[in-house]
Protein chains: 2
Amino acid sequence: MKIVILGCGRVGATLATQLDKAGHHVVVIDNNSDSFHRLNSDFHGETIIGSGVDEDVLRRAGLAEADAFAAVTNGDNRNIMASQIAKEIFHVRKVVCRIYDPIRQSTYNELGIEAICPTIVGADLMFHALMNTK
Amino acid sequence: MKIVILGCGRVGATLATQLDKAGHHVVVIDNNSDSFHRLNSDFHGETIIGSGVDEDVLRRAGLAEADAFAAVTNGDNRNIMASQIAKEIFHVRKVVCRIYDPIRQSTYNELGIEAICPTIVGADLMFHALMNTK
């Protein structure tokens, strides 16, 4: 599969490494070239410097031929905008987006964008860890 | 159970609300009083303004009588330090700590501090969402 990842922070870099190791064709976009240092030294994929809400950048990253797109920058709005472009303009089949704000997450899920909310997931994990008192 | 939460960001506030609703006695510490606005209006717990690495603040929060402690500020070092104080000085039975850096997480798990790493969890969730192509 060809997968484009927007954002090479900790989660983006970990995800890119995992997908690359699993044999997928990975392209990572970030507006800061320093971020690519987070990628493993044996990363086989491509890196593109630029804004993920710029259609030209997304086209250069090969979004038109991508099977999947993941938006994991630190900005909810940027992730949402990029996901909408990926879905509506490039017709990417699978679009997954990180949204920190729980309220926006449920709204976007209703609009058909698959959104993962680390806030809810994190709080749930902490809750269960705390309740499991040894 | 009496549970002290350090950090009233999105995860801290969500966790505090969940635990409060479940009938626990919750105390939330944050060094910024504005953060407490994230708590539900019907939150029954206590709020304490101060630094979570200050022993006096933790004592005021009732850590000596707490059954559990969760450190969920945005700083890994702060969470680690506060967790160590909770464990070593206040002998809190259950201490859970958020650590963004995957390498430090595994180190601290080995040292007996239960650490949850949202980076690894987030990347795993994205990976499985992307692979589940409809």
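Residues numbered from 1 in each chain as written. Chains lettered and ligands numbered in written order. Predicted model: local features only at pLDDT ≥ 70, side-chain atom pairs only at ≥ 80, totals over all residues. Heavy atoms only, no water.

- Under the annotation held in an unreviewed UniProt entry, chain A carries the name RCK N-terminal domain-containing protein and is attributed to Ktedonobacter robiniae.

Here we look at the sheet that holds strand 5 (residues 94–98) of chain B
Residues and elements named next belong to chain B.
Moving on, step 1. Spatial ordering of the open sheet is given by 3-2-1-4-5-6, a layout of 6 strands whose pairing is parallel. Of all strands in the sheet, those bounded by a partner on one side alone are strand 3 (46–49) and strand 6 (114–116). With direction set aside, neighbouring strand axes in the sheet form an average angle of 20 degrees.
Moving on, step 2. Note: strand 1 (residues 2–6) against strand 4 (residues 68–71), 4 bridges, orientation parallel. In the strand pairing of strand 4, valine 4 is matched with phenylalanine 69.
Moving on, step 3. Across the sheet, helix 3 (residues 76–88) touches strand 1, strand 4 and strand 5, and the angle it forms with strand 5 is around 175 degrees. (Pairing = 2+ DSSP bridges. Helix = DSSP H or I, 4+ residues; strand = E, 2+ residues; numbered from the N terminus. Axes fitted to C-alpha atoms, helices over the stretch in contact; angles between N-to-C directions. Contact = heavy atoms within 4.5 Å.)

Quick word on helix 4 (residues 102–110) of chain B
Moving on, step 1. Sitting at the head of helix 4 of chain B, Asp101(B) places a side-chain oxygen 3.0 Å from the backbone nitrogen of Ile103(B).
Moving on, step 2. Backbone geometry just after helix 4 of chain B places Gly112(B) at a positive phi near 95 degrees. (Polar contact = N/O pair within 3.5 Å; in protein donor to acceptor, adjacent residues only side chain to side chain.)

Some details on the interface of chain B and chain A
Moving on, step 1. At the interface, 39 residues of chain B touch 38 residues of chain A.
Moving on, step 2. Interface area, chain B with chain A, both sides summed: about 3,300 Å², of which 75% is carbon and sulfur.
Moving on, step 3. Counting across the interface, chain B meets chain A through 0 salt bridges.
Moving on, step 4. Linking chain B with chain A are 6 residue pairs in polar contact (both at pLDDT 80 or more), by the criterion used here.
Moving on, step 5. Among the secondary structure elements, those contributing two or more residues to the side of chain B that touches chain A are helix 1 (10–21), strand 4, strand 5, strand 6 and helix 5 (118–131) of chain B.
Moving on, step 6. Looking at the side of chain B that touches chain A, its residues break down into 23 nonpolar, 7 polar and 9 charged. (Buried area = accessible area lost by both parts, 1.4 Å probe. Salt bridge = Lys/Arg side-chain N within 4 Å of Asp/Glu carboxyl O. Nonpolar A, V, L, I, M, F, W, Y, C, P; charged D, E, K, R; others polar.)

Quick look at the UniProt feature "domain: RCK N-terminal" (unreviewed entry) in chain A
Moving on, step 1. Listed under "domain: RCK N-terminal" (unreviewed entry) in the UniProt record, and renumbered for this structure, are residues 1–120 of chain A.
Moving on, step 2. For residues 1–120 of chain A, the helix share is 36%, the strand share is 22%, and the end-to-end C-alpha distance is 29 Å. (UniProt positions renumbered as here; feature names shortened; annotations may be inferred.)

A closer look at the relation of the copies chain B and chain A
Moving on, step 1. When chain B is fitted to chain A, the residual RMSD is 0.0 Å, and the transformation amounts to a turn of 180 degrees plus an axial shift of 0.0 Å. Look at the turn and shift together and you get a two-fold axis relating the two. Every residue of chain B has its C-alpha some distance from the rotation axis, and the shortest such distance is that of Pro118(B), at 3.6 Å.
Moving on, step 2. Mapped onto chain A, 97% of the interface residues of chain B again fall at the interface, so both copies present the same surface. (Least-squares fit on C-alpha atoms with pLDDT ≥ 70 in both.)

Considering the pairing of strand 4 of chain B
All names here are of chain B.
Moving on, step 1. Going residue by residue along strand 4, you find Ala68 and Ala70 tucked away on one face and Phe69 and Ala71 tucked away on the opposite face as well.
Moving on, step 2. Taken together, the 4 bridges between strand 4 and strand 5 define a ladder with parallel strand orientation. The residue of strand 5 that forms the bridge with alanine 71 is cysteine 97.
Moving on, step 3. Crossover handedness for the path strand 4 to helix 3 to strand 5: right-handed. (Buried < 20%, exposed > 50% of the residue type's maximum accessible area, 1.4 Å probe, protein only. Right-handed = clockwise from strand over helix to strand, strands pointing away.)

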